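Close look at the chain arrangement
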Amino acid sequence: MRTETGQVFTLADYKPTDFILERIDLTFELHPLETKVTARSLFHRRPGAATDAPLILDGDELVMTSLLLDGIELARDRYEETGRHLVIDGLPEEIAFEITVETMLAPANNTQLMGLYRSNGVYCTQCEAEGFRRITYAYDRPDALGVYTVHIIADKATCPVMLSNGNCIGKAGYGEGKHFASWFDPHPKPSYLFALVAGDLGVVEDTFTTMSGREVALKIYVEHGKEPRAAYAMDALKRSMHWDEEVFGREYDLDIFMIVAVSDFNMGAMENKGLNIFNDKYVLADPETATDADFANIEAIIAHEYFHNWTGNRITCRDWFQLCLKEGLTVYRDHEFSADQRSRAVKRITEVRHLKSEQFPEDAGPLAHPVRPTRYKEINNFYTSTVYEKGSEVTRMIATILGRETFKQGMDLYFERHDGKAATIEDFVKCFEDVSERDLGQFSRWYHQAGTPLVSVSTEYDADQQEFSVSLEQIVPPTPGQARKEPMHIPLKFGLILPNGNEAELDGVTGGDVTEDVLHLTERSQTFTFTNIPARPVLSLNRGFSAPINVDYTLTTEDLTQIAVHDRDLFARWQALNSLALPELTGAVKALRKGDAPTFNPAFIAALLAAAADEDLEPAFRAQALALPSESDLAREIGANNDPDANLVARLSLLNAIGLTGRKIFANLFETMSSSAPFKPDAASAGKRALRNTALTYLSFADNDPTLARETFDKADNMTDLSHALTVLAHHYPDSAETAEALEAFAKRFEGNPLVLDKWFAIQATTPGPDALDRVKSLMESPRFNAGNPNRVRALIGTFAFSNLSGFARADGAGFAFLADQVLDIDTRNPQLASRLLTSMRSWRMLEPQRAEYAKRALAKIDSSASLSVDVRDIAERMLQ
Ligand code: ARG
Ligand code: ZN
């Protein structure tokens, strides 16, 4: 394990390298325990750098067996290995020189899954963020761009496939039972985009003809036998390539594009130049084994990694503080892609649900950090939903403020100005300032100030003057290291809905800047007055979730219903239903904690059921409306002193009340939304399945009977319906015979398919209540579990800790103690996985005092452990601060 350094990296300390890397030539002689890597790099001293500056290369757990300068062994007094660096002195002042480093690696023993490792017998690499330094000594930083040539030597029998970035420039036999392949990537790139794969894999092939008529070979490599399950990924890839040409004018730039699916992977996927490596979970899909959500995720992640080719690879980041430059922008691009492929409104609703359940809690807790952080101890801990999802929202706001056309011009300028370079957030924003001639200085605070802004709203209608005024006040809450905040530029899409359901024409406005349908809040408090408004309107604010904020605006049930029924923005309708649901839930929690039975406002239930039955609305939207705020949404709404048991029961009570009142509607939906046509993964079909499955949930609440769920389980012909029925059984009837049989049947049927068994683990891990922990513990003993595989660990332990609020935060603290032990154990093998799991406790301070105390003890236990990775130490420290 890596030893702890406690070093803090700060943006202010950024300095260019003293030497410039020109090219690097790598040779890998692959062996599970003794891989020899020879790295020959050509450098020259940067003009202006000190003439006596040493060359300082990064390394991590390396065994160096030879070091040459221009082909001659370097004297021992010319260099030093410090543990994390190789420091070489006395290098030429002006002429280029070549450094040759030979290292020995044991990929089979690399359980961190960073650098070169083996996954199910396949050699593969993960270099972002700092994995390349685990392969050889190098400038392992994103601003050191070099041209790579890679030679791979391996066993013919076990490694018929040998891949790296760029184009294959040669393949031949190489002595007894071996062969080699050479790859050349003409595009200069940073080390984090290097990749190598070697093994015995099957391949699915296709081609794509680019906008300028070049033919690109497309290859997706998977384990033998899994080829048919890569068809959807291939289709998504071709659609992504086409979309990036149409919408962003971006063409692919090599003759071949490859994707490899591996089964051991710390994250979702990786955009290595020309050779994307994926967690197989985000490649493999067919109707029998993948849910509609899996199909949607695969489409989004295939697109995301492909889009990185321009936003990330052609233009990369100057340093890791700029991570959101590539991630926030690329998430924005994949969101837009999915919105164009599917229903834009429903896509936006799912994005916002995700943002609120992941990023908002992060931004409100001890791990809050700016979209562009200025310090870190371990960069892997900054691949967060703040950098990714909030980063995407910030990009979206630029598009909202500038408008579609000007945003597009800004992107074109960015591609033109920074192609082939390593850029910063300031460079990016400058492009939009230049094309719009707008000062985005205040807007840029979105990159620098952490915390979710809270906007409080009040309105007033003056019937005599026919004036409607909107008063807004913004507060950005304090976050770690940032006590005081400056006011933000918050673009709020809005509309004024008149009593007849029509929208008021905007005539004049005073008090601030309004452009078309966007109100620009720029002061701490500001009152906008609209003139010539014929009747008291209802204000629909933050349409489309144009700004990632919390809004405090108490509207009457009538006004919210007006929005829910009449708003022309579907997202706003969903948001209104959501705003109606939250007080129902918080009210129920209050009642329950006083020992009373919860009661619900019939007007809310009526509004919800009206949406459910409204055939003018697409089924996917209706399913989203019926999904209710999550337990974590409710916890956030309550804010402090949360009792997860009460939150759970409140939510179940509301589901029950809706189910009872709407029984007829749900029975009807369950019938009419079913289809006898063969399965299709498209959005419209998925929407029908979602609505039908939602109806099943409500029916099983109304009837308090597992029979229908069991029947649905037995008849299901696709994974979406099958796993939903199993979820209803396992969550609501955990002790019934129907459930036990169904769980067993499911596991037997999918015995050889670990990705499907992950669903089986996850469903059981999220069964609510205090028994969940024992269930999780006994599932860990199952031969189907594998503690060494990140997907298994996340499916069982991760799902339990992140998604089972009542089970994990159970009153006696046993859930937290369990997680602490797991984190400590996993940390010895895979620090990234361990620290990610630990972030499940980020909202611990929002719990009631007794549970919070147990959480704190678990964190303190981790923190006091003598041998922690930098990753886990960093998270534990920040969570206790
Ligand atoms: N750049 C990858 C993406 O597409 C994520 C890789 C993160 N890996 C890591 N070990 N931190 O989002
Ligand atoms: Zn990414």
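All values reported here derive from a predicted model rather than from experimental measurement.

1. Here's the deal with the overall build of the chain
- Check the secondary structure of the chain and you find 27 helices and 33 strands.
- Its C-alpha atoms give the chain a radius of gyration of 28 Å, within 12% of the compact-globule value 29 Å for 881 residues.
- In terms of principal-axis extent, the alpha carbons of the chain reach across some 90 × 65 × 60 Å.
- For the chain, the share of sequence-separated contacts (at least 6 apart) that also reach a separation of at least 24 residues comes to 70%.

2. Let's talk about the sheet that holds strand 30 (residues 518-521)
- Strand order across the open sheet formed by four strands is 29-30-27-32, with antiparallel pairing between neighbours. Where the open sheet ends on each side, the last strands, each with one partner, are strand 29 (513-515) and strand 32 (538-541). Between one strand and the next, the sheet's axes are offset by a mean angle of 35 degrees, whatever the strand orientation.
- Here helix 9 (residues 557-566) sits on the sheet and contacts strand 27 (490-497) and strand 32; the angle it forms with strand 32, its principal contact strand, is near 60 degrees.

3. Topic: the environment of Arg-749
- Positionally, Arg-749 belongs in helix 19 (residues 737-749).
- Judged by local crowding, Arg-749 falls into the partly exposed class, with 13 C-beta atoms found within 10 Å.
- Along the chain, Arg-749 and Gly-166 lie 583 residues apart, while their C-alpha atoms are 41 Å from each other.

4. Observations regarding the UniProt feature "domain: Peptidase M1 membrane alanine aminopeptidase" (unreviewed entry) in the chain
- Under the UniProt annotation, the feature "domain: Peptidase M1 membrane alanine aminopeptidase" (unreviewed entry) is placed at residues 232-446.
- Strand forms 9% of residues 232-446 and helix 55%; the C-alpha atoms that close the span are 37 Å apart.

5. Digging into the nonpolar core
- In this structure, Val-197, Val-260 and Val-283 are the most contacted members of the largest nonpolar core, which totals 255 residues.
- Per-element accounting of this core gives the leading share, eleven residues, to helix 10 (residues 570-594).
- In contact with Val-283, not counting residues within four places along its chain, are Ile-220, Val-222, Ala-230, Ala-233, Ile-259, Ala-261, Phe-278 and Ile-298.

6. Topic: helix 17 (residues 707-715)
- What helix 17 keeps buried is the set Ala-709, Arg-710, Thr-712 and Phe-713. Down the axis of helix 17, the buried side of the element spans an arc of 160 degrees, and every buried residue falls inside it. Turned more than 90 degrees away from the buried face of helix 17, the exposed residues are Thr-707 and Lys-715.
- Packed against the buried residues of helix 17 are helix 16 (683-703), helix 18 (719-732) and helix 19.

7. Overview of the site of ligand 1
- Lining the immediate surroundings of ligand 1 are 14 residues, of which Glu-128, Met-267, Met-270, Asn-380 and Tyr-383 lie closest.
- Counting residues per element, the ones that place at least two in the shell around ligand 1 are strand 20 (269-270) and helix 2 (292-307).
- Grouping the amino acids of the shell around ligand 1 by side-chain chemistry returns five nonpolar, five polar and four charged.

8. With respect to the sheet that holds strand 26 (residues 467-475)
- Taking strand neighbours across the sheet as the criterion, the five strands line up as 28-31-26-25-33 in an open arrangement whose pairing is mixed. In the strand order of this sheet, the two ends are held by strand 28 (508-510) and strand 33 (550-552), each with one partner. Taken over all neighbouring pairs, the strand axes of this sheet differ in orientation by 25 degrees on average, direction set aside.
- Two elements, strand 28 and strand 31 (residues 525-531), share three bridges in a ladder whose sense is antiparallel. Paired with Thr-510 across the two strands is Thr-529, which belongs to strand 31.

9. Regarding helix 24 (residues 814-827)
- With 14 residues, helix 24 extends 20 Å from end C-alpha to end C-alpha; this agrees with the ideal 20 Å at 1.5 Å per step.
- Of all the residues in helix 24, the buried ones are Gly-815, Phe-816, Phe-818, Leu-819, Ala-820, Gln-822, Val-823, Ile-826 and Asp-827.
- Its buried side turned inward, helix 24 meets helix 21 (772-780), helix 22 (790-803), helix 23 (805-808), helix 25 (831-838), helix 26 (849-863) and helix 27 (870-880).

10. Description of the pairing of strand 26
- Because side chains alternate across strand 26, one face comprises the buried residues Phe-468, Val-470, Leu-472 and Gln-474, and the other comprises Glu-467, Ser-469, Ser-471, Glu-473 and Ile-475, none of which is buried.
- Relative to strand 26, strand 25 (residues 454-462) runs antiparallel, the two being bridged by nine bridges. Residue Leu-454 lies in a different strand from strand 26, and its bridge partner there is Ile-475.
- Where strand 25 folds back onto strand 26 in an antiparallel hairpin, the turn is made up of four residues, including Gln-466, whose phi is positive at roughly 55 degrees.
- Examined bridge by bridge, strand 26 and strand 31 share six bridges and lie antiparallel to one another. When the sheet's bridge partners are listed, Ser-469 is paired in strand 31 with Thr-529.

11. Remarks on the packing of helix 4 (residues 344-363) against helix 5 (residues 385-402)
- Helix 5 packs onto helix 4 with a crossing angle of 120 degrees between their chain directions and a minimal axis gap of 10 Å. One element, helix 4, and the other, helix 5, form an angle in the oblique class. Helix 4 and helix 5 meet at a crossing whose hand is left-handed. Contacts between helix 4 and helix 5 involve His-354, Leu-355, Glu-358, Gln-359, Glu-362 and Asp-363 on the former and, on the latter, Ser-385, Thr-386, Glu-389, Lys-390 and Glu-393.
- Of the residues assigned to the contact of helix 4 with helix 5, the class counts are one nonpolar, four polar and six charged.

How each quantity is defined
- Residues numbered from 1 in each chain as written.
- Chains lettered and ligands numbered in written order.
- Predicted model: local features only at pLDDT ≥ 70, side-chain atom pairs only at ≥ 80, totals over all residues.
- Helix = DSSP H or I, 4+ residues; strand = E, 2+ residues; numbered from the N terminus.
- Rg over C-alpha atoms; globule rule 2.2 N^0.38 Å.
- Contact = placed C-beta atoms within 7 Å.
- Pairing = 2+ DSSP bridges.
- Axes fitted to C-alpha atoms, helices over the stretch in contact; angles between N-to-C directions.
- Buried ≥ 20, exposed ≤ 12 C-beta atoms within 10 Å, placed from the backbone.
- UniProt positions renumbered as here; feature names shortened; annotations may be inferred.
- Core = buried A, V, L, I, M, F, W, Y, C linked by C-beta atoms within 7 Å.
- Arc of directions from axis to C-beta.
- Near = placed C-beta within 6 Å.
- Nonpolar A, V, L, I, M, F, W, Y, C, P; charged D, E, K, R; others polar.
- Expected span 1.5 Å × (residues − 1).
- Parallel < 35°, antiparallel > 145°, perpendicular 65-115°, else oblique.
- Left-handed = near helix turned anticlockwise from the far one by under 90°.

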